[in-house]
Structures are given as structure tokens and as C-alpha cells.
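Topology and contacts: notes
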2 protein chains.
Amino acid sequence: MKSDTVFKRAFNDALDVVAALGVGESLPSESVMSARLGVSRTTVRKVLARLAAGGIVAGSGRHKVVRAVPDVPRFPKAETVPMAAQVEARFMEWMLRDDARPGTVINELELARQFGVATTGIREFLNRFQRFGLIEKRPNAGWVFKGFTPAFALELFEIREMFELRSARTFAAAPGGSPFWSQLEAMRTEHVALLAEVDRRYHDFSDLDSRFHRLINSAAPNRFIDSFYDIITLIFHYHYQWNKRDERQRNETAIREHLTYIDALLGRNASIVELACRAHLASARETLIRSTQEGAEGRPPRGRGRAGSA
Amino acid sequence: MKSDTVFKRAFNDALDVVAALGVGESLPSESVMSARLGVSRTTVRKVLARLAAGGIVAGSGRHKVVRAVPDVPRFPKAETVPMAAQVEARFMEWMLRDDARPGTVINELELARQFGVATTGIREFLNRFQRFGLIEKRPNAGWVFKGFTPAFALELFEIREMFELRSARTFAAAPGGSPFWSQLEAMRTEHVALLAEVDRRYHDFSDLDSRFHRLINSAAPNRFIDSFYDIITLIFHYHYQWNKRDERQRNETAIREHLTYIDALLGRNASIVELACRAHLASARETLIRSTQEGAEGRPPRGRGRAGSA
DNA sequence: TGGTCTTTTTTAATCGATAAAAAACAGTTT
DNA sequence: AAACTGTTTTTTATCGATTAAAAAAGACCA
């Protein structure tokens with residue numbers, strides 16, 4: 001049976017919309033709600049029906065009004081994320097946090113049981129995840145985890161450097177009136193703000209980092225580069241989440257490097273841009289490599305393990 | 001039920017092995033056969049059992065001999081290709097040959113019926129095929145075909161040029177004693193041989209092309225580049241198969257470009273290598289772009305179609 | 001030790017069911 | 001007629017169970 005995470009998330013969001021309107025106000029039309037919540041009208045109607053049942057809205061047809069400030073319980077957050085996202089998170093956790101060592105054979109059935117989903121879900125995830133270069137399929141013999149190793153980090157950054165330099169050059173050559181410049185200025189402001197509060201907000205950097213690099217790329221869109229950035233984003237997202245060593249310091253350094261990089265772009269000097277870009281990537285690469293090594297050291301040497309055997 | 005294409009192919013291959021041995025000879029051990037046929041011992045035993053039933057081999061245990069020259073019918077070729085490969089071929093055909101236009105919505109159920117496979121097979125293929133940048137998933141709303149367009153060709157070749165130049169440089173810098181040089185020489189010989197018989201054998205170029213570029217890449221392996229070459233190989237494989245315009249001429253040109261490129265590499269002059277490499281890629285890009293345009297022109301303008309509606 | 005016979009695991013593929021969500025269609029109201 | 005809502009049809013997502021094929025592991029033997 002299909003999960004109703006879409007409905008649940010839409011319901012939670014709808015509570016916010018209703019609360020923002022206030023008692024007595026009339027609700028926007030179903031199609032407007034549909035656009036606002038990012039779901040189909042069918043789902044909007046289901047949400048509306050539930051709200052009516054809870055006494056939060058009243059009326060029917062085109063005359064619906066807010067009856068009461070919502071005080072019904074929201075759906076727990078875990079129920080609002082789609083199955084595929086959960087599988088992804090659990091897998092990344094298994095890979096980056098637990099002792100997943102190179103050569104480990106991935107057993108679909110075992111993972112399915114462990115994650116509490118059907119094998120089809122696992123298969124689908126593995127098929128999509130294949131392109132990230134961390135697992136490999138051997139026909140008729142399942143999947144092998146290739147390892148989150150220094151080699152992986154090196155290969156990743158070799159490509160990343162090629163792509164980023166190419167995009168940075170194009171970006172720096174954008175015409176003066178281009179909207180990119182104002183977006184970059186806004187990005188700069190965000191960086192400065194984050195730096196000022198880095199002690200408290202350093203967790204927010206992962207997201208800013210991803211948005212920044214995607215902005216650079218958007219100067220000359222290329223679907224293959226975009227798709228490659230999905231890998232970077234995913235790896236860094238989970239890596240930032242779990243590698244706690246020197247976390248604040250690492251992020252502060254990266255923010256400063258970004259600022260240098262941004263200023264170089266704003267200065268539009270190709271060679272300075274290249275320097276700043278290379279410097280940042282080199283430092284990011286070091287961080288990632290170190291973390292792949294740490295992971296390997298911390299674990300006792302063992303034979304070829306099996307997924308989920310620990 | 002799982003298809004037994006592996007068994008059928010192994011059986012056909014085994015007939016060759018047995019025929020090569022001749023009547024009266026004793027068979028190699030099961031593990032040797034397993035390695036020779038590229039399947040597990042379990043499957044070898046099944047093949048052996050079938051051969052015994054057909055009176056082709058006799059004996060048991062470690063004493064098995066060829067009884068008769070095989071004259072049993074082979075399994076038809078269509079039954080020896082796995083389902084996934086069939087889906088791929090049919091989909092590529094639909095995309096490149098039929099009227100698949102940008103924006104077409106892909107309907108899983110319809111494709112499944114059309115191809116005669118279960119929806120799960122289609123889903124799995126689409127998930128894997130996603131990374132090729134030709135289709136896109138919209139959550140809860142299926143897949144959209146983005147189109148085999150000039151933009152696709154341009155983006156593809158932008159990346160290809162970056163990767164190929166990088167690999168060619170590394171290759172040219174390989175030490176004198178490296179095995180790459182002899183492999184390249186062998187490759188050169190193959191090219192010369194193909195050129196001599198180009199009128200008859202121009203179909204063989206597609207495969208040679210793929211092997212040549214992969215050899216260049218192998219000088220400095222990078223999993224992301226390898227994976228990108230899967231895209232190139234797939235596109236070109238089917239493209240060569242179906243775009244018949246000027247086929248012989250196109251291939252002859254490409255072979256000559258390859259030879260120039262190979263000689264440049266053998267000469268180890270970085271700037272000449274770069275020139276030859278760029279020239280070849282530019283010409284390959286033109287061919288692909290032209291073919292994406294032709295496709296579009298040949299079709300009558302229509303609204304947003306649906307997969308399989310024609 | 002290198003082989004074969006036997007058993008256990010795991011994958012590949014299908015089928016059917018069901019609820020969710022989207023999309024299309026058909027009316028209504030202003 | 002444009003903007004809605006009510007209703008119906010399609011399509012997707014997910015599960016679970018099933019089956020045969022293949023692979024892998026284990027037991028045994030010359």
C-alpha cells in the first residue's frame with residue numbers, strides 16, 4: 001500500500017496556513033491551496049475534509065471559514081518523509097557511521113528487514129544509488145560496497161575541481177547586468193551573517209555550501225554537472241551531520257574560504273578566482289580524505305563482512 | 001519467475017566447447033567449465049545434465065566423455081539475452097527511432113504492456129536510466145522524456161571534451177615502458193585493418209570506438225569518468241545502429257581521426273595530442289547534433305504526446 | 001588437494017492487491 | 001466565461017508472497 005506521507009505533510013502545512021489566517025477568515029480556493037502546499041487538489045480536499053472533521057474549518061463549497069485555532073496534534077515528522085528518503089538516510093548512516101568496510105556484500109533481504117521496508121524499496125534505492133560510485137552491481141550476485149575510501153575522495157575531487165573551475169570561469173565572465181551578481185551579493189551577506197554567529201549556527205553551513213556551489217554552476221547549466229552535484233550534496237550533507245570532529249572550526253574555515261572566493265568572483269579577475277577556488281577545494285578535499293581515513297583506522301581489522309552482520 | 005537466459009546462453013556456449021573437443025575426449029572439470037562459460041558451477045551442472053540427457057556426453061563423477069557431435073537444436077538468440085537488456089534495447093528504439101518528442105510523459109504500465117514485461121522491470125530500468133540525463137522523475141507523477149535534443153548533445157560533449165583531454169594528457173605522459181603503449185599500438189593495427197575493409201566492416205567501428213576511448217581513460221582511472229563513458233557508449237551504440245545516413249562515410253572519417261589521434265599520442269607531443277583530440281570530438285559532436293536535429297525535423301509538429309500513443 | 005555431490009542463500013522476475021495521489025472530466029456559481 | 005467545486009478515471013507507490021534460477025557454502029570423496 002502506498003504511504004500517505006504526502007497527505008500528512010500537507011496536513012501539517014495546512015495547519016500553519018490556517019493558523020496564519022486566523023478565526024473567521026475564509027479559506028483560499030482549492031486550487032490556490034494546491035499550489036501553496038505543493039500537492040494535487042485531490043490531496044487538498046482530503047486535508048480539508050480532515051480539518052472539517054476536526055472542527056477547524058466549517059462550511060462547504062466555495063464558502064469555507066476558519067472555525068478555530070488548530071489544536072489537533074500534528075503528524076510526527078517521521079511519518080511525513082517518503083519511504084525512499086528514509087531508506088537513503090538509513091543507508092547513509094549504515095555506510096558513514098557504522099562499520100561498513102570496503103568489499104562488504106550488501107544483502108537486499110537483510111537490509112529490507114533492518115530498515116523495515118520491502119525488498120523492492122531497497123532494490124530501487126540501490127539502483128539509483130549506483131551512480132554515486134560507492135556500490136557496484138555484479139550480475140546475478142548482488143551488490144558490493146566499494147568503500148568510502150581516500151580513493152573515492154580523490155576521484156570525487158578530481159572531477160569536482162574540473163567542473164567548479166569551469167563554472168567559476170563562466171560565472172566571472174557573466175555580463176555586468178546579469179542577475180547572478182545580485183544573487184552572489186545576497187549569498188555573500190548570508191555568509192557574513194553566518195560567520196558572525198558561527199558558534200551557534202555552524203550546522204547551517206552544509207545547506208549554504210550546497211546552494212553556493214549550485215549558484216556558481218547555474219551560470220552555465222549542464223545536466224551532467226548538476227547531476228554530479230547531487231553526489232557532492234548528498235555526501236557532504238551526511239558527512240557534516242555525522243563527522244563531529246572539529247566541526248565548528250572546519251565550518252568557520254570553509255565560510256572564510258567561500259568569502260575569499262566570492263570576493264574574487266565579484267572582482268572578476270580570472271586568475272584570482274582560480275586561486276581562491278582551488279584553495280577552497282583543496283581544503284575541502286583534505287577534510288574529506290582525513291575523514292575517510294579516520295573511519296578506517298577506528299575499526300578493528302576484519303575479514304569481508306556482510307551488511308548488517310554487526 | 002526468473003528467466004533462465006543465463007542457462008540457455010551457457011548451454012549454447014557449451015555445445016561449442018564440446019564440439020571443439022571432439023568425440024571420445026574427456027570433459028574438463030566442472031570448475032574449469034564454470035570459469036570458461038562465465039557462470040556458476042550450479043549452472044554448469046545443469047548444462048551438463050542436459051547434455052547427458054541429449055546423449056552428447058556420458059559418464060559421471062570425474063569421468064565424463066564426449067559421446068557424440070552435438071546436433072541438438074540451440075536456444076534461439078532472443079532467449080539468451082536477459083530481460084533488462086531487452087527493455088533497454090526496446091526503450092532506446094522507442095526513443096531514437098520512433099517519434100519520442102521532448103515533454104512526452106512516460107507511462108510505466110503502458111510501456112510494460114508494450115514491451116511485454118512487468119512494471120517492476122520498467123521501473124528498474126527507468127531508475128537506472130535516469131542518470132543518462134534523458135528522462136526526469138517528478139515525484140508521484142511519473143517520468144518525463146526530456147528529449148534527444150541538440151542541447152543534450154552539446155552538454156554531453158562539453159563534459160566529454162573535459163574528460164577526454166584530461167585523459168589524453170595523462171596517457172601521453174605515461175612512462176615509456178608502460179603497457180599502455182603496446183595496447184595503443186595494437187589498437188592502431190585494428191584501426192588500420194578496419195580502414196582497409198571499411199566498405200564491408202564499417203559496422204564494427206562502434207565497438208572499436210568505445211574500446212579506444214576506454215583505453216585512453218584507463219591511463220588514469222576515475223570511477224566517475226568511467227561511469228560517464230557508459231552514457232557515451234550507450235548513446236553511440238544505438239545511434240550507430242539506427243542512424244544510417246552517410247554511415248560508411250561517417251565511420252571512415254572517424255577512423256581516420258582516430259588514427260591521427262593515436263599517432264599524436266605515440267608521438268607524445270602534448271599540444272599535437274590536444275589538437276587531434278579536439279578535432280575528433282568536434283567532428284563527433286557535429287554528427288550527433290545533426291542527427292538530433294534531423295529527428296526533430298522529420299516529425300510533424302504535435303502537442304505533448306504520451307509514450308506509446310502512436 | 002582438487003574435485004564432485006548436496007544444501008542453503010540470494011537474486012531476478014512476476015503477480016496481484018490496495019491505498020494514495022494526480023489528472024481529467026463534468027458540472028455550478030458568480 | 002472564468003473560476004470554482006464535485007466526481008470519476010488513471011497512474012504511481014508500496015507491500016507481500018511466490019517461483020525458478022544462480023550463486024555460494026558445506027560435506028564428502030578419491
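Placed above this text is the structure.
The following refers to the structure shown. Here the structure is a predicted model, which means the values were calculated and not measured. (Residues numbered from 1 in each chain as written. Chains lettered and ligands numbered in written order. Predicted model: local features only at pLDDT ≥ 70, side-chain atom pairs only at ≥ 80, totals over all residues. Heavy atoms only, no water.)

1. Considering the protein's contact with DNA strand D
The criterion, for reference: Consider each residue's heavy atoms; a residue with any of them within 4 Å of a molecule or strand counts as near. Polar contact is the term for a pair of N or O atoms within 3.5 Å; when the atoms are in protein, one must be able to donate a hydrogen and the other to accept it, and sequence-neighboring residues count only if both atoms are side-chain atoms. Residue polarity is assigned by list, with Asp, Glu, Lys and Arg as charged and Ala, Val, Leu, Ile, Met, Phe, Trp, Tyr, Cys and Pro as nonpolar; anything else, Gly included, falls into the polar class.
What surrounds DNA strand D is a group of 37 residues, the closest being Arg41(A), Arg45(A), Ser40(B), Thr42(B) and Arg123(B). Across the atoms of DNA strand D situated within 4 Å of the protein, the share located in sugar and phosphate is 69%. Val6(B) has a polar backbone atom sitting 2.9 Å from a phosphate oxygen of DNA strand D. Taking Ser40(B), its main chain carries an N or O atom lying 2.6 Å from a phosphate oxygen of DNA strand D. Residue composition of the surface near DNA strand D, grouped by class: 11 nonpolar, 13 polar and 13 charged.

2. Quick word on the interface of chain B and chain A
Put simply, the rule is: In what follows, a contact means two residues having at least one pair of non-hydrogen atoms within 4.5 Å. Accessible area, probed at 1.4 Å, shrinks when two parts are joined; the buried area is that loss added up over both. Each reported salt bridge corresponds to a side-chain nitrogen of Lys or Arg within 4 Å of a carboxyl oxygen of Asp or Glu. Only runs of H or I of at least four residues qualify as helices and only runs of E of at least two qualify as strands under DSSP, and these elements are numbered from the N terminus.
Opposite the 30 residues of chain B that make contact, chain A presents 29 residues. Roughly 2,500 Å² is buried in total at the junction of chain B and chain A, and carbon and sulfur atoms are behind 54% of that figure. Looking only at chain B, the three residues that lose the most surface to chain A are Glu155(B), Arg223(B) and Phe224(B), adding up to 28% of its buried area. Counting across the interface, chain B meets chain A through six salt bridges. Across the salt bridge formed by Glu155(B) and Arg223(A), the nearest N and O atoms sit 2.9 Å from each other. Contributions of two or more residues to the side of chain B that touches chain A are made by α6 (119–129), α7 (150–172) and α11 (223–242) of chain B.

3. With respect to the environment of Ala89(A)
Mapped onto the elements, Ala89(A) comes out in helix α4 (residues 83–96). Taking C-alpha positions, Ala89(A) is 33 Å from Glu185(A), a pair spaced 96 residues apart along the chain.

4. Brief notes about α11(B)
All names here are of chain B. Rules: Take the number of residues in a helix, subtract one, and multiply by 1.5 Å to get its expected span. When a residue's accessible area, from a 1.4 Å probe over protein chains only, is under 20% of the maximum for its type it is buried; when over 50% it is exposed; and in between it is partly exposed.
Its 20 residues place the ends of α11 29 Å apart at the C-alpha level, agreeing with the 28 Å of an ideal helix rising 1.5 Å per residue. For α11, a buried count of 14 out of 20 residues is recorded, marking the element as mostly surrounded by other parts of the structure. N-cap assignment for α11: the residue whose side-chain oxygen lies 2.8 Å from the backbone N of Phe224 is Asn222.

5. Structural notes on the nonpolar core
The test is simple: Working definition of a nonpolar core: buried Ala, Val, Leu, Ile, Met, Phe, Trp, Tyr and Cys residues. They are joined through side-chain atoms within 4.5 Å.
By size, the foremost hydrophobic cluster in this structure holds 148 residues, and its most contacted members are Phe91(A), Phe129(A), Phe91(B) and Phe129(B). Residues in contact with Phe91(B), not counting those within four places in the same chain, are Ile106(B), Leu111(B), Phe115(B), Phe125(B), Leu126(B), Phe129(B) and Ile135(B).

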